[in-house]
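# Chains, contacts and geometry: an overview
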Amino acid sequence: MRFAIRPAVEKDVPGIVTVETLSGRLPEAGREPFAAKIAAAISDDGRLVLVAEAPLDMTPGPGSAVVGWAKTHHYDVGDGPAPAGHYLGGLTVAPDFRRRGLAVALTSRRLEWIWERADTAWYIVNARNEASLELHRQWGFRVVSRGPAFHAVAFDGGEGVLLAAARPLS
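Residues numbered from 1 in each chain as written. Predicted model: local features only at pLDDT ≥ 70, side-chain atom pairs only at ≥ 80, totals over all residues. Heavy atoms only, no water.

## Focus on unusual backbone geometry
Positive phi outside glycine occurs at His 151, with the angle close to 50°. Given a relative accessible area of 10%, His 151 falls into the buried group. Of note, Ala 152 is a non-glycine position whose phi angle comes to about 65°, a positive value. With respect to the element layout, Ala 152 can be found in the loop between strand S7 (149–150) and strand S8 (153–154). (Buried < 20%, exposed > 50% of the residue type's maximum accessible area, 1.4 Å probe, protein only. Helix = DSSP H or I, 4+ residues; strand = E, 2+ residues; numbered from the N terminus.)

## Considerations on helix H3 (residues 102–115)
For an α-helix, 3.6 residues make a turn, and residues three or four places apart therefore share a direction. Over its 14 residues, H3 extends 20 Å from the first C-alpha to the last, a length consistent with the 20 Å expected when each residue adds 1.5 Å. Taken together, the buried positions of H3 are occupied by Leu 102, Leu 106, Thr 107, Arg 110, Leu 111, Trp 113, Ile 114 and Trp 115. (Expected span 1.5 Å × (residues − 1).)

## A look at the sheet that holds strand S5 (residues 120–126)
Pairing in this open sheet of seven strands is mixed, and the strands run S1-S2-S3-S4-S5-S9-S6 from one edge to the other. Each edge of the sheet is formed by a strand with only one pairing partner; in this case those strands are strand S1 (4–7) and strand S6 (142–147). Strand-to-strand twist in this sheet, taken as the mean axis angle between neighbours without regard to direction, amounts to 25°. When strand S4 (residues 85–93) meets S5, the two strands line up parallel, connected through two bridges. Along S5, the bridge assignment pairs Tyr 87 with Trp 122. Where H3 meets the sheet, its contacts fall on S1, strand S2 (49–54), strand S3 (65–75), S4, S5 and strand S9 (160–166), and the angle it forms with S4 comes to roughly 160°. On the sheet, helix H4 (residues 130–137) packs against S4, S5 and S9 and is oriented at approximately 160° with respect to S5. (Pairing = 2+ DSSP bridges. Axes fitted to C-alpha atoms, helices over the stretch in contact; angles between N-to-C directions. Contact = heavy atoms within 4.5 Å.)

## With respect to the environment of Ala 36
Along the chain, the position of Ala 36 falls in helix H2 (residues 31–43). Residue class for Ala 36 comes out partly exposed when judged on its relative accessible area of 48%. In the structure, Ala 36 is positioned 21 residues away from Gly 15 in sequence and 13 Å away in space, judged by C-alpha atoms.

## With respect to the nonpolar core
If you look at the biggest cluster of nonpolar residues, it comprises 43 residues, and the most contacted ones within it are Ile 16, Trp 69, Phe 97, Leu 102 and Phe 141. Counting residues per element, this core draws most heavily on H3, at six residues. Ignoring any residue separated from it by four or fewer positions in sequence, one finds Phe 141 in contact with Leu 88, Leu 111, Ala 121, Trp 122, Tyr 123, His 136, Leu 163, Ala 164 and Ala 165. Among the nonpolar cores identified, the runner-up in size contains nine residues, and Tyr 75, Trp 122, Phe 150 and Leu 162 belong to it. (Core = buried A, V, L, I, M, F, W, Y, C linked by side-chain atoms within 4.5 Å.)

## Let's talk about the environment of Val 143
Here Val 143 is to be found in strand S6. Look at Val 143 and you get partly exposed, because its relative accessible area is 48%. Sequence separation between Val 143 and Asp 12 is 131 residues; the distance between their C-alpha atoms is 33 Å.

## Brief notes about the pairing of S3
Along S3, eight of the eleven residues are buried, which leaves the element largely enclosed by surrounding structure. In terms of strand pairing, S2 meets S3 through six bridges, oriented antiparallel. Considered in S3, the bridge of Val 51 is made with Trp 69.

Structure, rendered in structure tokens:
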């Protein structure tokens, strides 16, 4: 199946909110603040927000639909063991479109973007998120530190993992 991966624009924000909602990650009360944060990330030249769109024949109604999204963060200053730099941020694929390679495609594109700007890509994840940890191993992410929070990101269960991957040699 073919999907389009492209940089997000402001008109994609409702689709991103829908993906988060369908995935059970966004209660109704949090939709408006989340939408504002995504819109701000899209307009920030120091970050990348991507969307995955499903082709016309895979979505209800006319046009295509956002079925996944992902973003990067840039931290100007370090926070304990978590240095300043470019970080992979959130990634969500709508439940009906999982296990089709979208997470790999979204991660690969974000890493290409980061490695155009830095020698190291950083990534923070909940220590219990085995699926995400496994996904990122293919790019050589290695554990740098464990802790209750990095860059003000706290973790359910109390432990997060800070990982890094070096830009591949050309």
